[in-house]
Amino acid sequence: MRRRSGVLSLPLPGSGLLAKPMEWAEGQGVTIQHIQPGQPQQNAYIERYNRTVRHEWLDQYIIESIEEAQDHATRWLWTYNNDRPNMGIGGITPAQKLKMAA
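Residues numbered from 1 in each chain as written. Predicted model: local features only at pLDDT ≥ 70, side-chain atom pairs only at ≥ 80, totals over all residues. Heavy atoms only, no water.

A.B. asks: Can you explain the overall build of the chain? Please cite residues and give values.
C.D. replies: Across its full length, the chain holds 4 helices and 2 strands. Start at the N end of the chain and walk to the C end: the helices and strands fall as β-α-β-α-α-α. For the chain, the proportion of its 102 residues judged to be buried stands at 14%. A separation threshold of at least 6 residues defines the contact pool for the chain, and within that pool the share at least 24 residues apart is 25%. (Helix = DSSP H or I, 4+ residues; strand = E, 2+ residues; numbered from the N terminus. Buried < 20%, exposed > 50% of the residue type's maximum accessible area, 1.4 Å probe, protein only. Contact = heavy atoms within 4.5 Å.)

A.B. asks: Break down the pattern of salt bridges for me, citing the residues and quoting the values.
C.D. replies: All told, the structure shown has 2 salt bridges when counted by the stated rule. Among the salt bridges present, the one from Glu-56 reaches Arg-84, with a minimum N-O distance of 2.7 Å. In this pair, Glu-56 sits in helix H2 (residues 44-56) while Arg-84 sits in the loop between helix H3 (66-82) and helix H4 (94-101), placing the two residues 28 residues apart along the sequence. Residue Asp-71 is joined to Arg-75 by a salt bridge in which the shortest nitrogen-to-oxygen separation is 2.9 Å. In this pair, Asp-71 and Arg-75 both sit in helix H3, 4 residues apart, roughly one turn of the helix. A relative accessible area of 40% means that Asp-71 is categorised as partly exposed. Under the relative-accessibility criterion, Arg-75 is labelled partly exposed at 44%. (Salt bridge = Lys/Arg side-chain N within 4 Å of Asp/Glu carboxyl O.)

A.B. asks: Describe the packing of aromatic side chains, naming the residues involved and giving the relevant values.
C.D. replies: Enumeration over the complete set of coordinates arrives at 2 aromatic pairs. Where Tyr-49 meets Trp-76, the ring centres are 6.0 Å apart and the plane angle is 65°; that geometry is what we call edge-to-face. Separated by 27 residues along the polypeptide, Tyr-49 in helix H2 and Trp-76 in helix H3 bring together distant segments of the chain. Measuring from centroid to centroid gives 5.1 Å for Trp-76 and Tyr-80, while their planes differ by 35°, and the two rings are tilted. Taken together, the residues span about one helical turn, with Trp-76 and Tyr-80 both in helix H3 at a distance of 4 residues. For Trp-76, a relative accessible area of 10% corresponds to the buried category. Through successive ring pairs, a cluster of aromatic residues spans Tyr-49, Trp-76 and Tyr-80. (Phe/Tyr/Trp six-rings, centres within 6.5 Å; stacked < 30°, edge-to-face > 60°.)

A.B. asks: Tell me about the layout of surface pockets, and please be specific about residues and values.
C.D. replies: Considering only enclosed or pocket space, the largest pocket measures out at about 520 Å³ in volume. Along the walls of the largest pocket sit 14 residues, with Tyr-45, Tyr-80, Asn-86, Ile-89 and Pro-94 positioned nearest its centre. Of all elements in the fold, only H2, H3 and H4 reach the threshold of two or more residues within the lining of the largest pocket. Partitioned by chemical class, the residues of the lining of the largest pocket number 6 nonpolar, 4 polar and 4 charged. (1 Å grid on protein atoms, 1.4 Å probe; cavity = no way out; pocket = protein on both sides within 12 Å on 5 of 7 lines; lining within 4 Å. Points joined across faces, edges and corners; volume = space filled by probe spheres on them. Nonpolar A, V, L, I, M, F, W, Y, C, P; charged D, E, K, R; others polar.)

Structure representation (structure tokens):
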């Protein structure tokens, strides 16, 4: 079981996209800690995920609409969780790991 750290790492402010997460965090007593510019290693899990998404499906298609992007994302996520072995968890899929934990 993971312990809550009480710290939320977010990109630097500037877009309106962060208003709701920041409002929620403040209401929960969570400290906001922004990632420093040019330091992607401070957000390594998200950077790795973004790289994987970009290389495995985003760069392979010309996407014409939001609906098409959502369809590609849904299919890729299902494949990622159910068909694609993950070496970080012993060469099994996340779905298999979840079943083992239940």
